[in-house]
Amino acid sequence: MLIRTATIEDLDAVTAVEAECFPPAEAATRSDFEQRLAHYSNHFWLMFDEDKLIAFVDGMVTDMADLTDEMYEHAALHKEDGTWQMIFGVNTIPEYRRHGYAGALIQRAISDARVQGRKGLVLTCKDKLIHYYAKFGFVNEGVSASVHGNVTWY
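Since the structure is predicted, the reported quantities are computational estimates derived from the model, not experimental observations.

S.K.: Describe the overall build of the protein chain, naming the residues involved and giving the relevant values.
M.R.: Looking only at helices and strands, the protein chain features 5 helices and 7 strands. The order of α-helices and β-strands along the protein chain, N terminus first, is β-α-α-β-β-β-α-β-β-α-β-α. What you see for the protein chain is a C-alpha radius of gyration of 14 Å, in line with the 15 Å of a compact globule of 154 residues. With the principal axes as the frame, the protein chain shows a C-alpha extent of 35 × 30 × 30 Å.

In structure tokens form, the structure reads like this:
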């Protein structure tokens, strides 16, 4: 499987994978991704099976230690020399799940953040995934202030 960062040419594929992975209230739109790719395409880690996008992880960089809903909506808040790597989405299309692909992308994001001198990575998740992210060193800080998609996030 090939892992690489994104370009604007990946817009349609990223949008399609997101739509397969999240309900409409939680999924980023094509317009959201267009803005994100314009501001921080090098913080999209994409995995391909030959030429098919099967999974990706994305998020901005900031000096803020907590992920806020405003970050999802305003890609211009990205600060390339920021201290914290935010993770907005961990996406794997259904037929490729449970093979370690998302984990490989998370490990790549962690590795890149370490090389870039970040203090760490921050993400929010639903309660059923807390144990999964703990395997990578993420620490549960309790219920997040995020109300993205009208869901309880940790």
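S.K.: Can you lay out the sheet that holds strand 3 (residues 52-58) for me, pointing to particular residues and giving the numbers?
M.R.: Spatially, 4 strands are ordered 1-2-3-6 in an open sheet, and the strand pairing comes out antiparallel. Each having just a single partner strand, strand 1 (2-5) and strand 6 (89-92) make up the two edges of the open sheet. Each strand axis lies, on average, 20° off the axis of its neighbour in the sheet, ignoring direction. Of the strand pairs in this sheet, strand 3 and strand 6 are connected by 4 bridges, and their pairing is antiparallel. Across the sheet, Ala-55 pairs through a bridge with Thr-92, a residue of strand 6. Seen against the sheet, helix 1 (residues 11-21) touches strand 2 (44-49), strand 3 and strand 6 and runs at an angle of roughly 80° to strand 3. Packing against the sheet, helix 4 (residues 101-115) makes contact with strand 1, strand 2, strand 3 and strand 6, and its axis sits at approximately 145° to strand 2.

S.K.: So, the pairing of strand 3: which residues are in play, and what are the values?
M.R.: In terms of burial, strand 3 is largely enclosed, as 6 of its 7 residues are buried. The loop that links strand 2 with its antiparallel partner strand 3 comprises 2 residues; one of these, Glu-50, has a positive phi angle of about 60°.

S.K.: Please give an account of helix 4 that cites residues and values.
M.R.: Here helix 4 is 15 residues long and its end C-alpha atoms lie 21 Å apart, about the 21 Å a rise of 1.5 Å per residue gives. When helix 4 is considered as a whole, its buried residues turn out to be Tyr-101, Ala-102, Gly-103, Leu-105, Ile-106, Ala-109, Ile-110, Asp-112 and Ala-113. Within two residues after helix 4, Gly-117 carries a phi angle of roughly 80°, on the positive side.

S.K.: Can you explain the environment of Val-151? Please cite residues and give values.
M.R.: Locating Val-151 in the fold gives a position in the segment after helix 5 (130-134). As for Val-151 and Lys-126, which are separated by 25 residues in sequence, their C-alpha atoms are 7.9 Å apart. Those residues in contact with Val-151, other than ones at most four positions away along the chain, are Glu-26, Lys-126 and Ser-146.

S.K.: Give me the lowdown on the pairing of strand 7 (residues 120-123), citing residues and values where you can.
M.R.: With burial as the criterion, each face of strand 7 is covered, one bearing Gly-120 and Val-122 and the other bearing Leu-121 and Leu-123. In this sheet, strand 7 lies alongside strand 5 (residues 84-87) in parallel orientation, the contact comprising 4 bridges. Looking across to strand 7, one finds that Ile-87 is bridged to Leu-123.

S.K.: Tell me what's going on with the pattern of salt bridges, and back it up with residues and numbers.
M.R.: The full count for this structure, using the stated rule, is 8 salt bridges. Between Asp-10 and Arg-4 there is a salt bridge, and its shortest N-O distance comes to 2.8 Å. A relative accessible area of 7% means that Asp-10 is categorised as buried. With relative accessibility at 29%, the residue Arg-4 sits in the partly exposed group. Across the pair Asp-63 and Lys-79 runs a salt bridge, and its minimum N-O distance is 2.3 Å. Taken as a pair, Asp-63 in the loop between strand 4 (61-62) and helix 3 (69-73) and Lys-79 in the loop between helix 3 and strand 5 lie far apart in primary sequence, 16 residues in all. Classification of Lys-79 by relative accessible area gives partly exposed; the value is 35%.

Calculation notes
Residues numbered from 1 in each chain as written. Predicted model: local features only at pLDDT ≥ 70, side-chain atom pairs only at ≥ 80, totals over all residues. Heavy atoms only, no water. Helix = DSSP H or I, 4+ residues; strand = E, 2+ residues; numbered from the N terminus. Rg over C-alpha atoms; globule rule 2.2 N^0.38 Å. Pairing = 2+ DSSP bridges. Axes fitted to C-alpha atoms, helices over the stretch in contact; angles between N-to-C directions. Contact = heavy atoms within 4.5 Å. Buried < 20%, exposed > 50% of the residue type's maximum accessible area, 1.4 Å probe, protein only. Expected span 1.5 Å × (residues − 1). Salt bridge = Lys/Arg side-chain N within 4 Å of Asp/Glu carboxyl O.

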